[in-house]
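Here are the chains, one letter per residue:
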Amino acid sequence: MKKEYILAGLVSALVVAAALVFLIILPQRSDNQELEQKVQAVQELAELEKEEMANDYEQLGKQYGEMMSQLTNDSLIAQLTREQLRVHQLEEELKQVKSDDLREIARLRKELNSVRAVLRDYIRQVDSLNRINQNLRQENTQLSGRLEESHRQNQDLQQQREQLTEKVTIAAQLDATAISMTALNKRNKTSKKMKDAKTLQVSFNISRNVTAENGQRTIYVRIQTPAGSVLNGGGTFPYENRQLEYSMKKVIEYSGEETPVTVYWQVGEFLEAGEYRVSVFADGNMIGSRTFNFEK
């Protein structure tokens, strides 16, 4: 009889121990799964940004090569060669960056904006040289009476200029700066706690760009939650041969000067605390991205 009581006690103790282990391990597994989802979502967006940046670097390198093929100025060709090598070096650095290295990706995005700005300056220089050459040719033709040759040369120069214009798409890409995201409570006051948010306000500036085409632009804003889902605004837009959900969109009139933009998302669901990523898109490109942390 004593042995049976002892055996029953041992079995009960083992059941209690197994239950305690299960209660300890279960929440840890749940937390790990949530963390893995967040990491995967961030890495997917980072991979999208890497793909876009790789394409931009490749196009920039090609444009430098094409510009050099049209020049005879040795000094300017040497400068363009150095910039082209810099672009290739940054392109190789990007290939080595892992999707979870967000700090390095952000650095290479800044470098991309820098080389794009340098390209714009060289485009203006080349255009200026083309205008000078055109004037000299016209004067020489008028003095020598070779009007027909002048007309042909002008046509050739115009064709070259049109070809060059077609190749400045990268330089004309818009940039979104000073991105901010604010949670507003029911009194439209700033709230640090996401649980009190009734409206999400996203503001940013479209940078000045004299090479960009003026006119109406549709700006898409995409807000990604800590869980990796997107706050859906009821539609999608094309990006990199796929359709992405957007949270808000706004049509602006862009004149080439810095343009402030503010959009709002009305909260209609529970929003958890944590890290939110805001990404801004225009003309089929991601033109800016930033993350924000909100308390419970």
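Residues numbered from 1 in each chain as written. Predicted model: local features only at pLDDT ≥ 70, side-chain atom pairs only at ≥ 80, totals over all residues. Heavy atoms only, no water.

1. Regarding the overall build of the protein chain
Move 1: Across its full length, the protein chain holds 4 helices and 9 strands.
Move 2: Shown N-terminal to C-terminal, the secondary structure of the protein chain runs as helices and strands in the order α-α-α-α-β-β-β-β-β-β-β-β-β.
Move 3: Across the protein chain, every contact between residues at least 6 apart in sequence was considered, and the portion connecting residues at least 24 apart equals 69%.
Move 4: Approximately 17,800 Å² of the protein chain is accessible, and the part contributed by carbon and sulfur atoms is 50%. (Helix = DSSP H or I, 4+ residues; strand = E, 2+ residues; numbered from the N terminus. Contact = heavy atoms within 4.5 Å. Areas by Shrake-Rupley, 256 points an atom, 1.4 Å probe, with all protein chains shown as cover.)

2. Section: the side chain of Gln173
Move 1: Structurally, the position occupied by Gln173 is in the loop between helix H4 (147-166) and strand S1 (176-184).
Move 2: Judged by its relative accessible area of 5%, Gln173 is buried.
Move 3: Setting aside residues up to four positions removed in sequence, Gln173 forms contacts with Glu52, Asp56, Arg109, Arg116, Arg120, Asn209, Asn285, Met286 and Ile287. (Buried < 20%, exposed > 50% of the residue type's maximum accessible area, 1.4 Å probe, protein only.)

3. As for the sheet that holds strand S7 (residues 259-266)
What holds strands together in a sheet is hydrogen bonding between their backbones, with the strands either parallel or antiparallel.
Move 1: Spatial strand order, S1-S2-S7: 3 strands in an open sheet with antiparallel pairing. At either end of the open sheet lies a strand with only one pairing partner, and these are S1 and S7. Mean inter-strand twist for the sheet, computed between neighbouring axes without regard to direction, equals 15°. (Pairing = 2+ DSSP bridges. Axes fitted to C-alpha atoms, helices over the stretch in contact; angles between N-to-C directions.)

4. Considerations on the pairing of strand S4 (residues 235-239)
Residues in a regular strand point their side chains to alternate faces of the sheet.
Move 1: Burial of S4 is one-sided: the residues Gly235, Phe237 and Tyr239 facing one way are buried, the residues Thr236 and Pro238 facing the other way are not.
Move 2: As defined by bridge partners, S4 adjoins strand S5 (residues 242-246) across 5 bridges and the pair is classed as antiparallel. Note on S5: the bridge partner recorded for Tyr239 is Arg242.
Move 3: Between the antiparallel neighbours S4 and S5 lie 2 residues, among them Glu240 with a positive phi of about 50°.

5. Focus on the confidence of the model for the protein chain
Move 1: Predicted confidence across the protein chain gives a mean pLDDT of 80, with 76% of residues reaching 70 or more.
Move 2: Of all secondary-structure elements in the protein chain, the lowest mean pLDDT belongs to helix H1 (residues 2-69), at 64, while strand S2 (residues 199-206) reaches the highest, 97.
Move 3: Predicted confidence is poor over residues 1-16, with pLDDT under 50, and the contacts of this stretch with residues over four places away or in other chains come to 0 contacts. (pLDDT = per-residue confidence, 0-100.)

6. Some details on helix H2 (residues 74-96)
Move 1: Here H2 spans 33 Å end to end across 23 residues, near enough to the 33 Å set by a 1.5 Å rise per residue.
Move 2: Along H2, the residues classified as buried are Leu76, Leu80, Glu83, Gln84, Val87, Leu90, Glu91 and Leu94. (Expected span 1.5 Å × (residues − 1).)

7. Re the side chain of Asp56
Move 1: Examined against the element boundaries, Asp56 turns out to sit in helix H1.
Move 2: When near neighbours in sequence (up to four residues on either side) are disregarded, Asp56 contacts Arg109, Leu112, Arg116, Ile170 and Gln173.

8. Overview of the environment of Gly256
Move 1: Tracing the sequence through the fold places Gly256 in the loop between strand S6 (248-254) and S7.
Move 2: Classification of Gly256 as buried rests on a relative accessible area of 5%.
Move 3: C-alpha separation for the pair Gly256 and Ile206, spaced 50 residues apart in sequence, amounts to 9.0 Å.
Move 4: Excluding residues within four positions of it along the chain, Gly256 makes contact with Arg208, Asn209, Val210 and Asn214.

9. Observations regarding the environment of Ala227
Move 1: Tracing the chain through its elements places Ala227 in the loop between strand S3 (215-224) and S4.
Move 2: Judged by relative accessible area, which is 32%, Ala227 ranks as partly exposed.
Move 3: Taking the C-alpha atoms as reference points, Ala227 and Glu275, 48 residues apart in sequence, are found 8.9 Å from one another.

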